[in-house]
Amino acid sequence: MYKSKKTLIMTYIPHEDKEQVEIEKHEALVVNIFSEFLTIDNLIKSGISQTLPDEMELSHFMVLNYFFHLKGEKTPAQLAKTFRVTKGAITNTINKLEQKGYIHSRPDWADGRKKLISLSSTGNSVREDAIKKMNPLFRDLIKKLGDNKLRSLIPLLREIRLHLSHLSPPINQKKNK
């Protein structure tokens, strides 16, 4: 309940050891952490977008990068769920990538109503070129913070991401009221 700053905040968040933690005691910490995440997110997106090849959008790179690591096929609905976007948004991205020859699209032989998307060799090459153009960003970060410090962040960041992904329903999924 957020009515005013003077109102006692009655919200609780689950704690690691299953005890209830009063958010009021940790509100500044949580707000600061999320502020940092949002700022980092903005800086990363801005930095990467500036290095992408002409006419490639960040969403295009994200799909190509996803398929590079996946090494398989997904339906548009699965991609929309993965990227937490609408089916219309992912269809738009898929169409642009397909027009450029960066992905392959084929019918799903098991279910003729669906299609399966995969990375093409051209898409793989374009992704590799984009990564090379991002290398100065990566080098600068490693130089500033060091390899060990950055590696030590990965488990904690992954844990936070997994926790938040379970709390937030995908787009187009009805929220329980």
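The shown structure was predicted, so the numbers you read here are calculated from the model rather than taken from an experiment. (Residues numbered from 1 in each chain as written. Predicted model: local features only at pLDDT ≥ 70, side-chain atom pairs only at ≥ 80, totals over all residues. Heavy atoms only, no water.)

### Brief notes about helix 2 (residues 58-70)
- Given a rise of 1.5 Å per residue, 13 residues ought to cover 18 Å, and the 18 Å separating the end C-alpha atoms of helix 2 matches this to within 8%.
- Here helix 2 has its buried residues at L58, H60, F61, V63, L64, N65 and F67.
- Buried residues along helix 2 sit against helix 1 (23-51), helix 3 (76-83), helix 4 (87-99), strand 3 (103-107), strand 4 (115-119) and helix 5 (121-145).
- Just downstream of helix 2 lies K71, where phi reads positive at about 55 degrees. (Helix = DSSP H or I, 4+ residues; strand = E, 2+ residues; numbered from the N terminus. Expected span 1.5 Å × (residues − 1). Buried < 20%, exposed > 50% of the residue type's maximum accessible area, 1.4 Å probe, protein only. Contact = heavy atoms within 4.5 Å.)

### Some details on the nonpolar core
- Counting residues in each nonpolar core, the largest one holds 21 residues, and the members touching the most others are L52, M56, F61, L64 and M134.
- Every element with two or more residues in this core is listed here: helix 2, helix 3, helix 4, strand 4 and helix 5.
- Among the elements that make up this core, the one with the highest residue count is helix 2 (5 residues).
- The contact partners of L64, leaving out residues within four places of it in the chain, are M56, L97, Y102, I103, L119, G123, V126 and R127. (Core = buried A, V, L, I, M, F, W, Y, C linked by side-chain atoms within 4.5 Å.)

### Quick look at the packing of aromatic side chains
- In total, this model carries 3 aromatic pairs according to the counting rule given.
- Judged by centre distance (5.5 Å) and plane angle (70 degrees), the rings of Y66 and F83 are edge-to-face. Within this pair, whereas Y66 is found in helix 2, its partner F83 is found in helix 3, the two being separated by 17 residues in sequence.
- Three or more aromatic residues link up through ring pairs in this structure, and these residues are Y66, F67 and F83.
- Above the ring of F68, the side-chain terminus of K71 is found at 4.2 Å from the ring centroid. (Phe/Tyr/Trp six-rings, centres within 6.5 Å; stacked < 30°, edge-to-face > 60°. Lys NZ or Arg CZ within 6 Å of the ring centre and 35° of its normal.)

Function-wise, these values are silent; they only describe arrangement.
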